[in-house]
Amino acid sequence: MTRTPPPGPLGPSGKGPHAVVIGSGFGGLAAAVRLGARGYRVTVLEKLDAPGGRAYVYRQDGFTFDAGPTIVTAPFLFEDLWTLCGRRFSDDIDLRAVDPFYRIQFSTGETFNYSGDARAMRAEVGRFAPGDVKGYEDFMAASEAIFRIGFEELGHVPFESWTDMVRVLPELMRLESWRTVYGLVAKYIRDPRLQTILSFHPLLVGGNPFSTTSVYALIAFLERRWGVHYVMGGTNRLVQGLVNLIEGQGGIVCCGAEVKEILLEKRRAWGVRLASGEELRADIVVSNADAAWTYRFLVPAEARSRWTDKRIERSRYSMSLFVWYFGTRRRYPDVAHHTLLLGPRYRELLADIFDRKILAEDFSLYLHRPTATDPSMAPEGCDAFYVLSPVPHLGSGTDWQSAAEPYRKKVALALSETVLPGLEEVVVSSHMLTPQDFKDRLNSFQGAAFAMEPILSQSAWFRPHNRSEDIDNLFLVGAGTHPGAGLPGVLSSARILDTVVPDAASFV
Ligand SMILES: Cc1cc2nc3c(=O)[nH]c(=O)nc-3n(C[C@H](O)[C@H](O)[C@H](O)COP(=O)(O)OP(=O)(O)OC[C@H]3O[C@@H](n4cnc5c(N)ncnc54)[C@H](O)[C@@H]3O)c2cc1C
C-alpha cells in the first residue's frame, strides 16, 4: 500500500482549491473524502510508509496484525463516506457483527458475556447479582438519554464559541455530566464486578472511568444501537477502501512525506514544508497529526495565543498502551474474538496509570483474536492475536527500550496461566509497540495512545477546535480534537469540517 509522491511538484491536478491533509489516520482520510466531495483538490501527506495511522497493518510470517482499532461501532459513519462518492460501502467492505461483544474474565476465573442483546444481558447481570437487574435497566436508559444528546445532537457540532458551551450546560447538568462514568454506574449498580463491567468503556477512548465525564457512558447504548463489528480481512481494509475513494475523486495519498512546518503569512496558513525541504502550497491545511503535536511542533510559538507551549505542556494526556502482536502455530478455539482479562485491582491500577504514572506489577489486558471470526488473518491451523495493556504515558519516565521484553514475558505468562495454556512454546511471530513508539512513529505528545485525556475540562469547547483558534485556514481532525478518540469520534471530527470549512467556490 506504499504510495510514493508523483514525479514533479506534489499536488493533484484539476480545478478547485487545494487542501493539504497532514496525516492519514481515519480522521485525515475521512476529511479528505469529505473535502474531495465538496470540490477541493486533496493531497494527503503521511509520515509513515503506509496509510492508517493507528490503524496501520503489520504483515509478517504469514500473519496479518491490525495494529490498532479492531472494534467498529456506528458503521453508518463509514457508509456515509462511500455514499458521498456515489459508491456502496457493502460492495467494498464485509462487516460482520461480533457476538458476544466482549468476554470479560475476572482474576477469580468468573466470566461475563457482554453482548448487545438486552435479554441476554439481563440474564448475565442477574447471574452475577439478581438485585442489580433493575439498576442495569435504569443505567441503560440513562446511557440512551446521554446518547441522544451527546452523540446524536452534539457529536457533530463544532463548539467554536464559549456560548455554544453555555447553551448546552443545562442539558449537561440534567444528564449529570458532572458525575464520572464510574459514579454514574455506581448510582445504579451495587455489585463491584458489575460496576467494573459497566464502567470500563472510557478506556476504549483513553479515559479513566474514575475521572471521565459520564457523557462517555453513551458508549454502552451506542454499541447496543448499532452493534460491535469486525471487518473481514482486518480493519486496514477500511483504510485501503478510503484511500481508493480519495484516489477515485482525483486526490493523492503520499506516504513517506513528513510535514515539518505549517507555513504561515502572519497568522494565515498557506502551505506546508516537508522533511525533504519541499514546500507545498495550499488554500487550506487540515492537520490529522496529534493536535498537541501539531501546535507544539508544526506551528511557530509566536503565532499561537490559545495553544501556547505552556498550555500544551500542562494539559492532561491519555494513557498509553503496551501492545504485543503474536501468532501461534496452534489454534485456541475456545478463546472469544474480544476478551478482557481483568487483574485483581481496578480503581488503584487506574490511579497508577493515570495519576501516579507508575508501571504497575499487575495489569488488565484486552486480547484480540481476529481468527475467531476470520481465519484468513493467519496461516492454516494458526491463530493471530494481539494483547494490549493500558500503561502510563511517557510521563512515567519508563525506559521502554529495556522494559519492553520483560513486560512482554510477564504478559505472556499471565496469558499462558489463563486462556492460552502453553503459549510461549507455540509463538511463531512476534512484534511489540510501546509508548515510545506512539511518540516516535506517530508523533503523539507524551506517547499517549488516545491524545488528550477526555475529562470535562478538556472536552467540547475546551478541546482543540476543528477550526484552529489561532491560525486562519488551518483545520484539525482526529483524536486530539473535538469530539475525541475512537473511530466514531474521529469520523465525527471530519464531519464537522463540512460546517467549518468554507465552500470551494468561495476561493474562486
Ligand atoms: C491499540 C489501539 C486499539 C484501538 N482500538 C480501537 C477500537 O477497537 N475501536 C475504536 O473505535 N477505536 C480504537 N482505538 C482508537 C482509534 O484507533 C483512534 O482514536 C483513531 O484511529 C485515531 O485516528 P486519528 O484520525 O486521530 O489518526 P491517527 O491514527 O492518530 O493517525 C495520525 C496520522 O498522522 C501521521 N502524522 C503525524 N505527524 C505527521 C506529520 N508531521 N507529517 C505527516 N504525517 C504525520 C501519523 O503518522 C499517523 O499516520 C484504538 C487505538 C489504539 C492505539
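What you are looking at is a predicted structure, and each value in this text was computed from that prediction instead of being measured.

Conventions and cut-offs
Residues numbered from 1 in each chain as written. Predicted model: local features only at pLDDT ≥ 70, side-chain atom pairs only at ≥ 80, totals over all residues. Heavy atoms only, no water. Core = buried A, V, L, I, M, F, W, Y, C linked by side-chain atoms within 4.5 Å. Buried < 20%, exposed > 50% of the residue type's maximum accessible area, 1.4 Å probe, protein only. Helix = DSSP H or I, 4+ residues; strand = E, 2+ residues; numbered from the N terminus. Contact = heavy atoms within 4.5 Å. Domains from an automatic or database assignment. Buried area = accessible area lost by both parts, 1.4 Å probe. Salt bridge = Lys/Arg side-chain N within 4 Å of Asp/Glu carboxyl O. Polar contact = N/O pair within 3.5 Å; in protein donor to acceptor, adjacent residues only side chain to side chain. Nonpolar A, V, L, I, M, F, W, Y, C, P; charged D, E, K, R; others polar.

## What about the nonpolar core?
- Counting 127 residues, the largest nonpolar core has Phe26, Phe78, Ile104 and Tyr114 as its most contacted members.
- With eight residues, helix 5 (residues 133-153) is the largest single contributor of residues to this core.
- Setting aside chain neighbours within four positions, we find Phe26 in contact with Gly52, Ala55, Pro69, Phe78, Thr235, Leu238, Val239, Leu242, Leu487, Val490 and Leu491.
- Residues Val20, Ile252, Ile312 and Met452 belong to the second largest nonpolar core, which totals 30 residues.

## Quick notes on the domain arrangement of the protein
- Taken domain by domain, the protein holds domain 1 (18-60 + 70-95 + 232-315 + 454-507), domain 2 (118-226) and domain 3 (319-440).
- If you look at the interface, domain 1 gives 25 residues, while domain 2 gives 22 residues.
- When domain 1 packs against domain 2, the two sides together hide about 2000 Å² of surface, and 69% of this comes from carbon and sulfur.
- Counting the surface domain 1 buries against domain 2, the share from its top three residues, Pro454, Leu456 and Trp461, is 30%.
- Our count for the domain 1 to domain 2 interface comes out at one salt bridge.
- Inspection of the region where domain 1 meets domain 2 yields three residue pairs in polar contact (both at pLDDT 80 or more).
- Those elements that provide at least two residues to the side of domain 1 that touches domain 2 are helix 2 (76-84) and helix 17 (487-500).
- For the side of domain 1 that touches domain 2, the element with the most residues is helix 17, which contributes six residues.
- Taken together, the residues that form the side of domain 1 that touches domain 2 break down as 15 nonpolar, eight polar and two charged.

## A few points about the environment of Phe445
- Note that Phe445 resides in the loop between helix 16 (435-440) and strand 19 (474-476).
- Judged by its relative accessible area of 9%, Phe445 is buried.
- Separated by 372 residues in the primary sequence, Phe445 and Thr73 have C-alpha atoms spaced 26 Å apart.
- What Phe445 contacts, discounting residues up to four positions off in sequence, is Asp290, Ala292, Trp293, Arg296, Phe297, Ile312, Glu313 and Tyr317.

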